[in-house]
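Residue strings, one per chain:
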Amino acid sequence: MKLRLKDNSIRLRLNVNDLNTLNNDGEVWEVSQLGKTSFTYGVKSIERGEMSAEMENNRLKFCLTVDQIKEWIETSKVGYSSIQNNEDGSELKLLIEKDFKCLTDRDEDESNNFENPNKTC
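What counts and what doesn't
- Residues numbered from 1 in each chain as written.
- Predicted model: local features only at pLDDT ≥ 70, side-chain atom pairs only at ≥ 80, totals over all residues.
- Heavy atoms only, no water.
- Helix = DSSP H or I, 4+ residues; strand = E, 2+ residues; numbered from the N terminus.
- Buried < 20%, exposed > 50% of the residue type's maximum accessible area, 1.4 Å probe, protein only.
- Contact = heavy atoms within 4.5 Å.
- Areas by Shrake-Rupley, 256 points an atom, 1.4 Å probe, with all protein chains shown as cover.
- Pairing = 2+ DSSP bridges.
- Axes fitted to C-alpha atoms, helices over the stretch in contact; angles between N-to-C directions.
- Phe/Tyr/Trp six-rings, centres within 6.5 Å; stacked < 30°, edge-to-face > 60°.
- Lys NZ or Arg CZ within 6 Å of the ring centre and 35° of its normal.
- Core = buried A, V, L, I, M, F, W, Y, C linked by side-chain atoms within 4.5 Å.

Focus on the overall build of the protein
Scanning the protein from terminus to terminus reveals 2 helices and 8 strands. Starting at the N terminus and ending at the C terminus, the protein contains elements arranged as β-β-α-β-β-β-β-α-β-β. The burial tally for the protein puts 31% of its 121 residues in the buried class. Summarising the internal contacts of the protein: among those between residues at least 6 apart in sequence, 38% fall at separations of at least 24. For the protein, the accessible surface area stands at approximately 8100 Å², while carbon and sulfur atoms represent 42% of it.

Dropping the structure here:
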């Protein structure tokens, strides 16, 4: 799983294994060690509600509904986006999407990434 933060936007990219774990276990997590502190981020399934994100105790949690996850697995849907209102009146843009293989060679293991739908021009 990859995490990207920029200003008031958060993007997660899940590979095939991540999405399968989310579907089977109802959640998927990654941990990054930062000195003495760890930072955890991931996705948890919920029965109903809106796509959302929250931060608590060095843990960033995205929430998606069971129906969204099922649709994501069973279709070619790339991902989901949402805008979450913050308490201070600002907005947080959320994006969660499948992690596709790059069209150019990179020094990165992409064996668990989704096939890129644009692999032929």
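Text resumes after the structure shown.
Looking at the sheet that holds strand β7 (residues 79–85)
Note on sheets: strands pair through backbone hydrogen bonds, and any given pair is parallel or antiparallel. Strand order in the open sheet formed by 4 strands is β1-β2-β8-β7, with mixed pairing between adjacent strands. Two strands in the sheet have a free side with no partner beyond their single neighbour: β1 (2–6) and β7. The mean inter-strand angle of the sheet, taken between neighbouring strand axes irrespective of direction, is 15°. Pairing of β1 with strand β2 (residues 9–14), which is carried by 5 bridges, proceeds in the antiparallel orientation. By the bridge assignment for β2, Leu5 is matched with Ile10.

Comments concerning the side chain of Asp18
With respect to the element layout, Asp18 can be found in helix α1 (residues 16–25). Ignoring any residue separated from it by four or fewer positions in sequence, one finds Asp18 in contact with Met1, Arg13, Val28 and Glu30.

Thoughts on the packing of aromatic side chains
Tallied over the full model, the rule gives 2 aromatic pairs. Considering the side-chain rings of Trp72 and Tyr80, the 6.0 Å spacing of their centres and the 75° angle between planes classify their relative orientation as edge-to-face. Tyr80 matches Trp72 in its accessibility class, with the two residues each being buried. Here Arg59 stacks its cationic end above the ring of Trp29, 3.6 Å away from the centre of that ring.

Description of the pairing of β7
Pairing between β7 and strand β8 (residues 91–98): 7 bridges, direction antiparallel. Looking across to β8, one finds that Tyr80 is bridged to Ile96. Once β7 ends, the chain turns through 5 residues before running back antiparallel as β8, passing Gly89 with a positive phi of about 95°.

Let's talk about the nonpolar core
Counting residues in hydrophobic clusters, the biggest one holds 21 residues, and the most contacted among them are Leu12, Leu14, Val43, Phe62, Leu64 and Ile96. Mapped by element, the contributors of at least two residues to this core are β2, α1, β4 (37–46), β6 (59–65), α2 (66–74) and β8. Those residues in contact with Ile96 that sit more than four places away from it in its chain are Leu12, Leu14, Val43, Met51, Phe62, Leu64, Trp72, Val78, Gly79 and Tyr80.

Regarding the sheet that holds strand β5 (residues 52–56)
Spatial strand order, β3-β4-β6-β5: 4 strands in an open sheet with mixed pairing. Because the sheet does not close on itself, it has two edges, and the strands there are β3 (27–34) and β5. On average, each strand axis in the sheet is tilted by 15° relative to the strand beside it, whichever way the strands run. Note: β3 against β4, 8 bridges, orientation antiparallel. Counted as the bridge partner of Glu27 is Lys44 from β4. Relative to β3, α1 is tilted by about 125°, and along the sheet it contacts β3 and β4. Here α2 sits on the sheet and contacts β4 and β6; the angle it forms with β6, its principal contact strand, is near 80°.

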